[in-house]
Every structure is written in C-alpha cells, then in structure tokens.
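# Structural overview
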Amino acid sequence: MLTQEENEQLTQIGPGTPMGDVLRHYWYPVAFTRELEEFPVKQTRLLGEEWAVFKTGDGGYGIVDERCPHRGASLVYGIVEDDGLRCGYHGWKFDTEGTCVEILAEPDSSPKFRAGCSVRSGQAQELGGLVWAYVGDGPAPELPRYEAYTMEGIRDIGHAVIPCSWLQIMENAVDPYHVEALHGNYFEFIAKQQGTPMPESFGGNKHEKVAFDPFEHGIIKRRLLVGQSEDSDDWKIGHPLVFPYKMWVGGNGVFQMQIRVPVDDTHTRVMFYTVHAPEGAPAPEGNRCVDYNIEWMGDDGRYIVDYIEGQDIMAWVSQGPVADRVNEKVTKSDVGVLACRRMFKEAIDAVQNGDDPIAVVREPHDAIKLPLERSKFGRGAQFATDWINDGSMRYSPIAEELKQLHQNAAAAREELAGS
C-alpha cells in the first residue's frame, strides 16, 4: 500500500505535477485520421488540458491550446487554412507551431508584437489511422512506430472514455491472476446466470507461476498455466506492458495494442487497437481502419460484464475515480502491480534528474517489434473467433466480416497443409 502523498504523486497528471512531467515525454493518439478528413478541427482533452487538433489544407497536422490568446474564444471553432488555423471570432491566425502569423484587424502589426501573441502548441503526426500529439517540452522525441501501427492487416478500433485514472488500468496490465478470476470464474458465473455457454478460450486459465521482466519499452509479463510447458509462448515469450500507457497482446492472427490515454486525473480514453492479419489471409486493400464506440454501462446503470473488456472496465471503474492505494491489502500475487508502481516512481526520479524516462524513443526508425505470444493459450484459430464474439469487437460494425476472414484463412492453411 502507499501513503496518500505517494498515491497523489502517481495519479495527478496536470501541468507541473511529477507524473504530469513524466507523461509529457510521450506521444498520444488524440483523433482518428478519418475524423480530421471529415472535418479538419476537433477538440481534445489530454493530460488535464484542452487542445484544438487540426489538419491544414496542405496536409499537415497541428495541435494548439484551445483558447485564443486574444479574447479566449475556442480555436476548435476556427477556420482551417492551407498553412494554419484562424480564430473564428476575430481572425487571428496561427501556424502549426502556434506562432501568430496574422492579425486580421491589424494587418500592419509588427512581427515582434505578433510573437508575443503566440498560442501554446505541441506537435502532431499521423500514423496507423490515428493522429498523435506531443505536448511536452522540446526537443520532441520520435513518435514510436510500434508494429501494431505499421503491420499490414485490417485495423479495428473500439474505444470509450471511462471515469477513472489511467494508472489503475495499467496496474491491471501486470496482474495476470485476474484472468483466471475475472475472465474465468466470474465469466462462468455470469454465463450461468444468463443461460449462455462459457467461452472455451477464456476459461480454465489457472496459473502455476508468473514473472515480470523490465525491458527497454516497459515490462514483459509471463505466465505459466497448468498443463503448459515452459516452451509455451505465454512463458517463453510473454507480452509487454508498453510504458507508460499501453499493453501489447494477441495471438492466432489477432494483434492488439490496448491504449489508455490519460485524459485527466479521473478520466481515461481506452482504445482497443486491433489488427487482424491471420496467416493465409489475402493482404487488405489500402490502409483500412474502422473505429466505433464500445458499450460498458447498461441503461439500468449496471456495468455490462458479459464480455472480456466489459469485465475489465467494471474492475477498473468500480475502484473509484482514483483507486484507494492507502487502505488496500497487497499480497504476493500483486508482484506485477508493485513492479509497475516501481517503474513509474523510477520514471519520476529520472525526469526530476533531467533524464528521459523509459521508452522515450529518440532515434529515427522504421518499426519497433515487441515481444508477443503468437499461439495464445495454445488454442489455435478458434481463439480469434472467440475474441470477437466475447470481447469488445462484438460491437464492431465488421465483426461478421472479421470472423469470416479468420475462418477463410484457417481453411486456406489446412488446404495448403494437406496438399
């Protein structure tokens, strides 16, 4: 357990806070590419601050403080031009660096005067169907090109904003024992109450041992299930918590980056960024990317808990907006959670010493491939179909198409093996 001061240090992320300073060393998805193609400017809340993110007429991206420095009108209602964003109220124009380049009512204003009228800005780029933003101090690090965002496949992204701190979600990422309890025993209980069969791919996952290994991008989580050998992917390879706000999971042709964007101290934008690329499937045409809202709360005010991510969201949110780490009862099974907290504390120390925290990428690169199990729980291609049926992808508008993709790929592999 932590003291109240330690808990606040880990969970308060506004400007000038220790954790806020850490988190401002990273890039975050703030819009879908298609959103700014449909309308070129939108509001986003990130790290407790309001921003306007936009796409210029010449194809560049920018992110600036939402408030115009003139009279405080929202730049979300500005006019996007080829090379910048013009405030809709009085026509002050800003480029993607936030520099005030024109004052409509004072066309003869000096560059020196306009320099004092600049708006705070970050940097924005497009990658993998998402627009990413960096809002920390310069020089900005490289936008990490993780495999999820560069690999070929159909991108399917379920998302929601939920009312809790991003940290309790990340602690869940290094808590393997919840799989057999929440997604095993509890799922079986809910299925029985509803009179539905228990999904085979999510039951019976009893752990023999777990391990957590720090590496350059976070923590690799390993598990050995009853009946598995140490040569299994779950133990030999594992999958990582990608510091500070992601987890990379998957197998059997389904690859998922779970993204937990810190909106503010008590809200998180969760995104299940899934790439469907089963072996034997034809390469997709173009960079197809589908996004949709997932449901997690019913009309009766109760959590929707008959699917995997819904169960996770119940566990995250029901802890409260910020989990009480002062009165918790930590046991040996929480070794991964303690490792996660230790890594965040080390990141705070690094930043306070003037160093980069872990997983800040400074060198240009083509792609970053992370460790990942490829044969999930040893259950073959059926796992992909179960993941769609019994996970958040059941809300996808192309769920049936995705299941057919995996079934066709499995048939193609069987045919090839038999020839």
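Presented here is an overview of the structure given in this document. Owing to the predicted nature of the structure, the values given are computational and were not obtained by experimental measurement. Along each chain, residue indices are assigned from 1 in the same order as the chain's sequence is written. Whole-chain, interface and lining totals are the exception, using all residues; otherwise, since this is a predicted model, local features are given only for residues with pLDDT of at least 70 and side-chain atom pairs are given and counted only at 80 or more. Values shown for side chains rest on all heavy atoms present in the structure; no hydrogens or waters enter the calculation.

## A short note on the packing of aromatic side chains
Any two rings among Phe, Tyr and Trp, with Trp reduced to its six-membered ring, count as a pair given centres within 6.5 Å; such a pair is stacked if its planes are under 30 degrees apart, edge-to-face if over 60, and tilted if neither. According to the stated counting rule, one finds 12 aromatic pairs in the structure shown. Measuring from ring centre to ring centre gives 4.6 Å for Phe243 and Phe344, while their planes differ by 40°; the resulting arrangement is tilted. Within this pair, whereas Phe243 is found in the loop between β14 (239–242) and β15 (246–251), its partner Phe344 is found in helix α10 (residues 335–352), the two being separated by 101 residues in sequence. By the burial criterion, Phe243 is buried, and Phe344 matches it. Members of the aromatic cluster, each reached through a chain of ring pairs, are Tyr26, Trp166, Phe243 and Phe344. Helical segments are the DSSP runs of H or I of at least four residues, strand segments are the runs of E of at least two, and each set is numbered from the N terminus. Buried residues are those whose accessible area, probed at 1.4 Å on protein chains only, stays under 20% of the maximum for their type, while exposed residues exceed 50% and partly exposed ones sit between those limits.

## Observations concerning the pattern of salt bridges
Whenever a carboxyl oxygen of Asp or Glu lies within 4 Å of a side-chain nitrogen of Lys or Arg, that contact is scored as a salt bridge. Counted according to the given criterion, the structure contains 21 salt bridges. In this structure, Glu401 engages Arg288 in a salt bridge whose closest nitrogen and oxygen atoms are separated by 2.5 Å. Pair noted here: Glu401 is in helix α12 (residues 399–418) and Arg288 is in the loop between β17 (267–276) and β18 (289–293), with a separation of 113 residues, a long-range link. Residue Arg288 is classed as partly exposed on the basis of its relative accessible area, which comes to 31%. Between Glu328 and Arg341 there is a salt bridge whose closest N-O contact spans 2.6 Å. Here the residue Glu328 occupies a position in the loop between α9 (308–317) and α10, and Arg341 occupies one in helix α10, the gap between them amounting to 13 residues. Across the pair, Arg341 and Glu328 agree in class, each one buried. One network of salt bridges, in which partners are shared, links Glu81, Asp83, Arg86, Lys93 and Glu102.

## Comments concerning the state of the cysteines
The criterion for a disulfide is a pair of cysteine sulfur atoms lying within 2.5 Å. Within the structure shown, the criterion is met by 0 disulfides. Free of any disulfide, Cys164 has its nearest neighbouring cysteine sulfur in Cys340, separated by 14 Å. Exposure remark for Cys164: the relative accessible area of 0% places this residue in the buried category.

## Some words on the nonpolar core
Throughout, nonpolar core names a set of buried Ala, Val, Leu, Ile, Met, Phe, Trp, Tyr and Cys residues whose side chains join them through atoms within 4.5 Å. With 96 residues, the main nonpolar core has Ile162 and Met257 as its most contacted residues. Looking at which element gives the most residues to this core, the answer is α10, with 7 residues. Contacts between residues were defined by any pair of non-hydrogen atoms, one from each residue, lying within 4.5 Å. Discounting chain neighbours no more than four positions away, the residues touching Ile162 are Ile169, Thr266, His267, Thr268, Val270, Trp296, Ile313, Trp316 and Val317. In this structure, Val41, Cys68, Leu75 and Trp92 belong to the second largest nonpolar core, which totals 15 residues.

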